[in-house]
Each structure stands twice: as structure tokens, then as C-alpha cells.
Amino acid sequence: MKRVFSGVQPTGNIHIGNYLGAMKQFVDLQEEMDCFFCVVDLHSVTLPQDPKSIYSHTLDVASLYLAIGIDPKKSTIFVQSHVPAHAELGWLLQCNSYMGELNRMTQFKDKSKGSESVSVGLFTYPNLMAADILLYDTHIVPVGNDQKQHIELCRDIAIRFNNRFGETFVIPEPQIKKSGARIMALDDPSKKMSKSAENPLSRITLMDSPEQLKKAIMKATTDSEGQIRFDLENKAGVSNLLTIYSEFSGMSISELEQKYEGLGYGALKKDLVEVVTASLSSIQQRYHEIRNSDEIRNILKEGAEKAEQVANITLRRVKEKMGFVLL
Ligand code: TYM
């Protein structure tokens, strides 16, 4: 059976970009594959974080995994710091990759821009991410478009390691959706929707109330043409709204273009509010049932035990190949 691994950082409220780009795929994949879904808390400390916020967001992300439909009987759900092999393999991979290749990572350039003291962890972040993936002999990594470069680097590191030390790692493939892999900010469709943007109206989080998401959608930047059609180059705002609509409703973009022919942006936005509200309300109901129950901690404990068993076998194989004395 093919193996799947993916992770989400507990750095803020999960938004519909995270959901449509990555997490929604997780739910479908668990039906046919052996899936590991991780809350990557070690990644989140590459930038300064409030300890209280990491603590609560870690439990939030784990609860959301369940609330969107990930079934702990089918998939392994766990927290990265509960499995020490991640940090250990991360180090070994740091020693098998080069400053030059890490220097090319656009996410490092973006996140370090303008900051005087950048942590070493932010620079070596892709090594830890490669460790996450390679520890589980992963075949498929479902992610949004912004993680493509990191997965390419992970593949390069794994191929190089295999060439140097002999067959050790499975070479993973990214799985990036054709539509929805890059949801843009509502206030500025030239930027990707992000957890950390200052303007809360730039995003819709999975926890938004109907009033909050209505405000963000009704204020979303469009254009002055007044025609509802998909055109990424000239109509980025409207195209983004159509993508979100299509992803939540299951209707194709061309069906939506037909439905709204001759109508204005107000009509599109009003219906989009309804579609998103309906989808999020069932997720939110389940989330509130889970978040403060004991169930979540038990699931994470079982998940960590299962993940650790798989990860430790790979780590041992790596150490053996590299010449470490094993007991
Ligand atoms: P993170 O926490 O930033 O995002 C989680 C997932 O959401 C996707 N995503 C988006 N998709 C569409 N539109 C957007 N605007 C958008 N913003 C984010 C991301 O691509 C991601 O799939 N480095 C990863 C976490 C990670 C990981 C891993 C992922 C650590 N180890 C191993 C896969 C495999 C990150 O920061 O994701």
C-alpha cells in the first residue's frame, strides 16, 4: 500500500488555503493509502512564537484534522515533537546537504527578509521537512503549491544519499492539486493567503463565524470590469473567488461562469458566503466537540506510538548506512 505523509504548522488559525490546498486531500487519500498526518510543531519554532500559542494551536490543528474527517482508525495523526527521530534525522540530513541549495529556497528568502536576527533553524527548515517525509518511506506528499520547492529539495537529498550510501530512502512525489493549490489573499490577490498576514480580512479561517467570513468575502478585492469569468492574469481577485467557490461546492469553474453570466460581483459574493458558511459550520461543530475532550490526547498518544515504530526503523537503517555503531 502506498504511504502518504503531510504536515501543518501550528502557527496560527488554519485558513481555507490550508484546507483547500492540502488538508481536504488528506481526507480522500486515507481511503486508499496508509496516511501519516502530523502537526509539525518543531517547524513552528523556526520563527519566534509565544509558547501559549504553540500549545493551543497544536491541539487546534490536531482537532481540526479530526473535524474535517480524518479518521484515526484509518490514518495516523500525531505531533512531530512526540517522535524524536524527526529531529535526529533532520541533523543527519543537514550534514548531507549544502548551504548553496538551502540558500536557494524562496520561502527562506521571504521569511527572513527585513529581519536582523534570523534563526539557524529557519535556514535548515527544509532538512527537517525532508526528515519528516523520508522517515515514513513516503510515496506521496499532498501539499499546496508553496511547498513544491521544499519537496524537490527533499528528493534531491534522498537521491544523493542513496547514491552515496546505497538504497536507503524511498523517493517521494509531491501531490499538488490543479485547482486550489494556491488560494490568494482576499484583500490582495497578488499575494498568497497566509496565517500571518496582518489584515484579518485577507483570509477566511476554518473557525470564522458567518459574520466574519461574510465581511471578508464582501470586501474581497475584485476589479472594475463587472464580468464574472476566470482569468488569472487580468482578473486575479474574481478568479480566486471562483476557485474557492468551485472547491467548496464541487461545481466546475465553467458551470459557475455560466451560472453568473450577466450578474454582478455582489451576487457571486453573496452566494459564496452561503456556500462557505455551510461547509465550515459542520467542521466547526465537530471541532468544538473534540477540542476539549480527552479523546484528542489519546489519539495523539496512539498516533505517536505508531509513528515512532515506523520512524525508528528508518532511522536505524540510515545510521547503519552512515557507519554509526548500533546496539
Ligand atoms: P503550512 O503549515 O504553511 O501549510 C499547511 C499546508 O497548507 C498549504 N497552503 C496553501 N495551499 C493553498 N493556498 C494557500 N494560500 C496555502 N497556504 C498554505 C501548504 O502548502 C501546506 O501543504 N512546510 C510545511 C509543513 C510541513 C510539511 C512537512 C508538509 C513540515 N513538514 C512534510 C508536508 C510534508 C508548511 O509550512 O505548511
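These figures come from a predicted structure and were not determined experimentally.

Asker: I would appreciate a short explanation of the overall build of the protein in the present structure.
Answerer: Scanning the protein for helices and strands turns up 13 helices and 5 strands. Here the C-alpha radius of gyration of the protein, 21 Å, is about what a compact globule of 327 residues would show, namely 20 Å. Long-range contacts, defined as pairs at least 24 residues apart, comprise 77% of the intrachain contacts of the protein with a sequence gap of at least 6. When the accessible surface of the protein is totalled, it reaches about 15800 Å², and 51% of it is carbon and sulfur. The distance from the centre of the 38 positive side-chain charges to the centre of the 41 negative ones in the protein is 2 Å.

Asker: Before we go on, may I ask you to explain the domain arrangement of the protein in this structure?
Answerer: Size of an interface: often given as the accessible area lost when the parts come together. According to the domain assignment, the protein consists of domain 1 (3-181 + 294-322) and domain 2 (200-288). With centres defined by C-alpha atoms, the gap from domain 1 to domain 2 works out at 30 Å. Opposite the 17 residues of domain 1 that make contact, domain 2 presents 12 residues. It is Ile 16, Leu 20 and Ala 67 in domain 1 that bury the most area against domain 2; as a group they hold 35% of the surface buried on that side. In this structure, the connection of domain 1 to domain 2 is made through 2 salt bridges. One salt bridge in this structure joins Lys 24 and Glu 247, with 3.7 Å as the shortest N-O distance.

Asker: Got a minute to help me understand the UniProt feature "binding site: L-tryptophan" (unreviewed entry) in the protein in this structure?
Answerer: Residues annotated by UniProt as "binding site: L-tryptophan" (unreviewed entry) correspond here to Asp 132. The residue Asp 132 is located in helix H7 (residues 120-134) in this model. Ignoring any residue separated from it by four or fewer positions in sequence, one finds Asp 132 in contact with Phe 5, Val 40, His 43, Gln 80 and His 86.

Asker: Help me understand the environment of Asp 60, please; the structure alone is not making it clear to me.
Answerer: For Asp 60, the position within the fold is in helix H3 (residues 51-67). Along the chain, Asp 60 and Phe 37 lie 23 residues apart, while their C-alpha atoms are 14 Å from each other.

Asker: Honestly, the pattern of salt bridges in this entry has me stumped. Any pointers?
Answerer: Pairing of side chains with opposite charge becomes possible as their charged atoms draw close. Summed over the entire model, instances satisfying the criterion amount to 17 salt bridges. For Glu 305, the salt bridge identified is with Lys 301, shortest N-O distance 3.5 Å. Of the two residues, Glu 305 and Lys 301 both sit in helix H13 (residues 295-322), 4 residues apart, roughly one turn of that helix. Look at Glu 305 and you get partly exposed, because its relative accessible area is 43%.

Asker: Please clarify how the nonpolar core should be interpreted in this entry.
Answerer: In a soluble, globular protein the nonpolar side chains are often hidden away together inside. Grouped together as the largest cluster of nonpolar side chains are 59 residues, with contacts concentrated most on Met 23, Tyr 65, Ile 204, Ile 244, Phe 248 and Val 276. If you tally residues by element for this core, the top one is helix H12 (residues 265-291), at 10 residues. Three or more residues apiece are contributed to this core by two domains, here domain 1 (3-181 + 294-322) and domain 2 (200-288). With residues near it in sequence (within four places) discarded, Met 23 still touches Val 8, Ile 14, Asn 18, Leu 64, Tyr 65 and Ile 68. The next biggest cluster of nonpolar side chains, apart from the first, holds 37 residues, and it includes Phe 36, Tyr 136, Phe 161 and Val 310.

How each quantity is defined
Every residue gets a number counted from 1 within its own chain, in the order that chain's sequence is written. In view of the model being predicted, local features appear only for residues whose pLDDT reaches at least 70, and side-chain atom pairs are presented and counted only at 80 or more, with totals across whole chains, interfaces and linings using the full set of residues. The basis for the side-chain values is all heavy atoms of the structure; hydrogens and waters are excluded. The way it works is that DSSP assigns letters per residue, a run of H or I at least four long becomes a helix, a run of E at least two long becomes a strand, and they are numbered from the N terminus. With the radius of gyration taken over C-alpha atoms, the globule rule is written as 2.2 Å times the number of residues to the power 0.38. Residue contacts are defined here by distance: any two heavy atoms, one from each residue, within 4.5 Å place the two residues in contact. Only the protein chains shown count as cover for residues, and all accessible areas are computed by the Shrake-Rupley method using a 1.4 Å probe. When charges are counted, Lys and Arg are positive and Asp and Glu negative, with His and the chain ends excluded. Charge positions come from single atoms, namely NZ of Lys, CZ of Arg, CG of Asp or CD of Glu. All the domain ranges listed were derived from an automatic or database domain assignment. Throughout, the accessible surface (probe 1.4 Å) given up by two parts as they are put together, summed over both, is called the buried area. Salt bridge, as used here: a side-chain nitrogen of Lys or Arg that lies within 4 Å of a carboxyl oxygen of Asp or Glu. UniProt positions are given in the numbering used here, feature names are shortened, and annotations may be inferred rather than shown by experiment. When accessible area is computed with a 1.4 Å probe and restricted to protein chains, residues below 20% of their type maximum are described as buried, those above 50% as exposed, and intermediate ones as partly exposed. In this text, buried Ala, Val, Leu, Ile, Met, Phe, Trp, Tyr and Cys residues form a nonpolar core when linked through side-chain atoms within 4.5 Å.

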